[in-house]
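Per-entry structural report
So you can see what is in the structure, the chains are spelled out below.
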Amino acid sequence: MRIIILGGTGFVGTALTRLLVSRGHEVVIPSRRPEKVAALLGVGLPHARIVGAPFDGKTGAGWADFITPDTAIVNLAGENIAAGRWTPEVKARIEGSRLAAGAAVMDALKRADALPAVLVQASAVGFYGARGTEPVDESAGPGDNFLAHVATGWEASTRGAEELGVRRAVIRTSMVLGKGGALEKMLPPFRLGLGGPLGNGRQMVPFIHLDDEAGAIAFLIETPGLSGPFNLAAPQAVDSRDFAEALGRALGRPAFLPAPAFALKLLLGQMAEEVLLSGVNAVPARLLAAGYRFRHPTLAGALEAALAAG
């Protein structure tokens with residue numbers, strides 16, 4: 001099968017690409033530098049079929065011709081939400097990058113001679129907004145903060161594919177643990193014994209290992225009939241205190257120094273409030289019901305695997 005991945009050179013996209021080619025699929029990655037794609041992602045995979053396609057970041061020009069009835073499209077493209085303080089300009093890039101990628105997918109579908117078999121559209125558990133400790137499955141509605149607004153628009157950006165008859169699965173992703181990503185930013189203070197829970201430590205921290213993030217996306221591509229929203233989060237529920245304690249144990253370091261909420265808000269503003277100090281107990285109800293089996297269902301196992309990879 002041919003899989004086109006927007007955002008294929010990113011943290012999740014790279015892992016997904018390597019998994020898919022190991023299963024014998026061809027991967028096409030639209031990129032502003034298509035000549036670099038195969039060399040960048042094909043390291044250690046000498047027989048992989050990885051193709052770079054031209055991409056202007058706004059339309060399907062240059063890559064729509066790769067779409068066939070046996071093609072899947074995975075739209076992962078979007079600006080990093082946790083790189084720093086959310087200025088008005090940063091918020092505009094976060095939202096605009098996602099809407100632009102969705103528009104490019106829809107433009108590609110209009111340009112293509114055939115419709116793809118399936119579209120996997122990225123989103124995030126931020127869709128639900130700030131929730132308490134009660135489990136939240138895919139039937140829950142959106143929240144009312146900035147992240148919920150962005151996720152709602154992100155999902156809607158390719159909803160028109162369903163009207164064209166394309167099977168569409170929406171992945172509401174939680175914090176992804178692996179070599180790189182959010183975990184890499186957390187490690188320095190924890191390795192120094194200066195880590196601990198954020199704020200009061202009671203906010204829920206949904207997580208998923210990179211292996212399961214890629215595995216779940218591949219599962220949704222390869223399993224006919226699966227459509228609609230899916231929470232990509234491990235079955236185990238943990239809060240910020242649990243997470244800090246588990247990471248400290250995994251590193252053999254103490255992890256009891258909390259990062260005060262007021263300091264985080266002073267440093268990072270709204271980003272701290274919505275990303276670090278608020279949480280949701282997102283549960284993978286539909287993914288489990290569909291038969292997906294997690295490789296790393298617990299935090300201890302996910303952290304062990306992620307640290308071993310690093």
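Here goes a summary of the coordinates provided. Remember, it's a predicted structure, so these values are computed and weren't measured experimentally.

Glancing now at the environment of I29. Structurally, I29 can be placed in strand β2 (residues 26-31). The class for I29 is buried, based on a relative accessible area of 1%. Along the chain, I29 and A77 lie 48 residues apart, while their C-alpha atoms are 11 Å from each other. Once you skip the residues sitting within four places of it in the chain, I29 turns out to touch I5, G8, T9, T17, V37, L41, V51, G52 and A53.

On to the sheet that holds strand β5 (residues 118-124), then. Backbone hydrogen bonds are what pair the strands of a sheet, in a parallel or an antiparallel way. The parallel open sheet is built from seven strands, whose spatial order is β3-β2-β1-β4-β5-β7-β10. In this open sheet, the two strands that pair with only one neighbour each are β3 (49-54) and β10 (228-232). On average, each strand axis in the sheet is inclined to that of its neighbour by 20 degrees, with strand direction left out of account. Both β2 and β3 contribute to a ladder of six bridges, which runs parallel. Across the sheet, the residue bridging to E26 is R49, located in β3. Strands β1 (2-6), β4 (71-75) and β5 of the sheet are contacted by helix α3 (residues 88-111), whose axis makes an angle of about 160 degrees with β4.

Residues L192, L194, F256 and L257 make up a contiguous nonpolar surface patch of roughly 430 Å² in combined accessible area. Assignment of secondary structure puts L257 in the loop between α8 (240-251) and α9 (261-268).

What follows covers the pairing of strand β7 (residues 167-173). Here β7 lies mainly inside the structure; seven of its seven residues are buried. Of the two faces of β7, the one carrying R167, A169, I171 and T173 and the one carrying R168, V170 and R172 are both buried. Sheet topology places β5 next to β7; seven bridges connect them, and they run parallel. Across the sheet, the residue bridging to S123 is R172, located in β7.

Turning next to the pattern of salt bridges. A complete count under the given rule lists nine salt bridges for this structure. One salt bridge connects D211 with R295, and the closest N-O pair in it is separated by 3.4 Å. Taken together, the residues D211 in helix α7 (residues 210-222) and R295 in the loop between α11 (285-289) and α12 (299-309) connect sequence positions 84 residues apart.

The next subject is the pairing of β5. Consecutive side chains along a regular strand alternate between the two faces of the sheet. Along β5, six of the seven residues are buried, which leaves the element largely enclosed by surrounding structure. In this structure, β4 lies alongside β5, joined through four bridges in parallel fashion. What sits directly across from I73, in β5, is L119. With α3 bridging β4 and its parallel neighbour β5, the resulting β-α-β unit is right-handed.

Here is what the cut-offs are and how they apply
- In every chain, residue numbers begin from 1 and rise along the written sequence.
- For this predicted model, a pLDDT threshold of at least 70 governs which residues receive local features, and a threshold of 80 or more governs which side-chain atom pairs are given and counted, while totals over whole chains, interfaces and linings are taken from all residues.
- Water and hydrogen atoms were dropped before computing side-chain values, which therefore reflect all heavy atoms in the structure.
- Going along the chain from the N terminus, every DSSP run of H or I of four or more residues is numbered as a helix, and every run of E of two or more is numbered as a strand.
- Each residue is placed in one exposure class: buried if its accessible area under a 1.4 Å probe, protein chains only, is under 20% of its type's maximum, exposed if it is over 50%, and partly exposed if it falls in between.
- Working rule for contacts: check all heavy atoms of both residues, and any pair within 4.5 Å makes them a contact.
- Any two strands with at least two DSSP-identified bridges between them are counted as paired.
- Angles shown run from 0 to 180 degrees and are taken between the N-to-C directions of axes, each axis being a line fitted to C-alpha atoms and, for helices, limited to the stretch in contact.
- Patch membership requires over 30% relative accessible area and the absence of a salt bridge. Like charges are linked within 9 Å, and nonpolar side chains (Val, Leu, Ile, Met, Phe, Trp, Tyr) within 5 Å.
- Exposure was quantified through the Shrake-Rupley algorithm and a 1.4 Å probe, taking into account, for residues, occlusion by the shown protein chains and nothing else.
- Whenever Lys or Arg places a side-chain nitrogen within 4 Å of a carboxyl oxygen from Asp or Glu, that contact is recorded as a salt bridge.
- By definition, the crossover connecting two strands over a helix is right-handed if that path, from the first strand to the second, turns clockwise as seen with the strands pointing away from the viewer.

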